[in-house]
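Fold and geometry: a report
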Amino acid sequence: MRLDVVTIFPEYLEPLNVSLVGKARTRGQLDVHVHDLRDWTYDRHNTVDDTPYGGGPGMVMKTEPWGEALDSALADGYESGARGPVMVVPTPSGRPFTQELAVELSERPWLIFTPARYEGIDRRVMDEYATRMPVYEVSIGDYVLAGGEAAVLVVTEAVARLLPGVLGNAESHRDDSFAPGEMANLLEGPVYTKPPQWRGRDIPDVLLSGHHGKIARWRRDEAFRRTARNRPDLIERCEASAFDKKDREI
Ligand SMILES: N#Cc1c(-c2ccc3ccn(Cc4ccc(CN5CCOCC5)cc4)c3c2)n[nH]c1N
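Residues numbered from 1 in each chain as written. Predicted model: local features only at pLDDT ≥ 70, side-chain atom pairs only at ≥ 80, totals over all residues. Heavy atoms only, no water.

Re the pattern of salt bridges
Counted according to the given criterion, the structure contains eleven salt bridges. Of the charged contacts in the structure, one is a salt bridge between arginine 123 and glutamate 137, with a shortest N-O distance of 3.1 Å. Here arginine 123 is found in helix α4 (residues 123-129), whereas its partner glutamate 137 is found in strand β7 (residues 135-139), with 14 residues between them in sequence. For glutamate 137, a relative accessible area of 26% translates into the label partly exposed. Put simply, Arg2, Asp4 and Asp76 are held in one network by salt bridges that share partners. (Salt bridge = Lys/Arg side-chain N within 4 Å of Asp/Glu carboxyl O. Helix = DSSP H or I, 4+ residues; strand = E, 2+ residues; numbered from the N terminus. Buried < 20%, exposed > 50% of the residue type's maximum accessible area, 1.4 Å probe, protein only.)

Shown next as structure tokens:
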């Protein structure tokens, strides 16, 4: 998978050099290119923004630098053999970024991220590129950030961990809270490791029992309890079979 990121803060994307994403890059599973939008400005102040037509607060990011930067990233990608680009636009007004969308994006060969600042990018930029590729406007949550770079880090990590061979234990993402299956839509329950006692606190006996059936049921029960407490909105989405009534009475 190729990723291109166009930003006025390339240093914000340094975390893409470490941990899971960094290792995927080193192994050649991810080809990441970060572009500084200001490289496509030609005035003394490297201007990327201007006042909004129709008035209103803040500034809007100008079309010209974005157009030149995106055309350059596309040319470079095509030159390197990449195909099937998709534009991912972080925005507070985007569709919620979910595990389902992460899976959808992980199946694409090339993502082009356009994290903006100020009040966002002149709409004509997305309209222009929507004639050439799918454009996903996404929001990573119901809170207000100062720009889209943090969202690029979030989306990239969620997508990269789904790429074949990136996660050490192939089972890991299969048990994700939001992955399909019996535990679908349930939050993870508590996890424990050695030592067996710590500050007077023991490990739940069932986890030491070696009884895989009881352990699986305990984990499902705990997941249900945590979901009911922290995300009651997910409970009705759980398949009835995942936690039927007789289990609740344990
Ligand atoms: N993903 C994601 C995000 C973002 C995000 C993503 C990208 C950009 C680019 C600029 N910003 C700042 C910004 C904040 C608020 C507003 C709305 N304005 C309406 C008029 O009154 C002032 C406020 C616009 C721009 C961004 C924020 N925030 N939260 C998420 N989950």
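Structure's up, so let's keep going.
Here we look at the packing of aromatic side chains
Across all of its chains, the model carries two aromatic pairs by this definition. Centre to centre, the rings of tyrosine 78 and tryptophan 110 are 5.1 Å apart; their planes meet at 80°, and the pair counts as edge-to-face. On the criterion of sequence distance, the pair formed by tyrosine 78 in helix α2 (residues 63-79) and tryptophan 110 in strand β6 (residues 110-113) is long-range, its members being 32 residues apart. Taking the relative accessible area as the measure of exposure, tryptophan 110 reaches 0% and is therefore buried. Where tyrosine 192 meets tryptophan 218, the ring centres are 6.5 Å apart and the plane angle is 50°; that geometry is what we call tilted. Taken together, the residues tyrosine 192 in the loop between α5 (149-160) and β8 (197-198) and tryptophan 218 in helix α7 (residues 212-230) connect sequence positions 26 residues apart. The class for tryptophan 218 is buried, based on a relative accessible area of 18%. (Phe/Tyr/Trp six-rings, centres within 6.5 Å; stacked < 30°, edge-to-face > 60°.)

Comments concerning unusual backbone geometry
Here the residue pair lysine 194 and proline 195 is connected by a cis peptide bond, since its omega of 10° sits within 30 degrees of zero. Take proline 195: it is sitting in the loop between α5 and β8. Here the phi dihedral of asparagine 46 falls at roughly 50°; this positive angle occurs in a residue that is not glycine. Among the structural elements, asparagine 46 can be located in the loop between β2 (31-36) and β3 (49-50). With phi around 50°, arginine 199 is a residue other than glycine that occupies positive phi space. Its location among the elements puts arginine 199 in the loop between β8 and β9 (201-202). On the accessibility criterion, arginine 199 (70% relative accessible area) is exposed.

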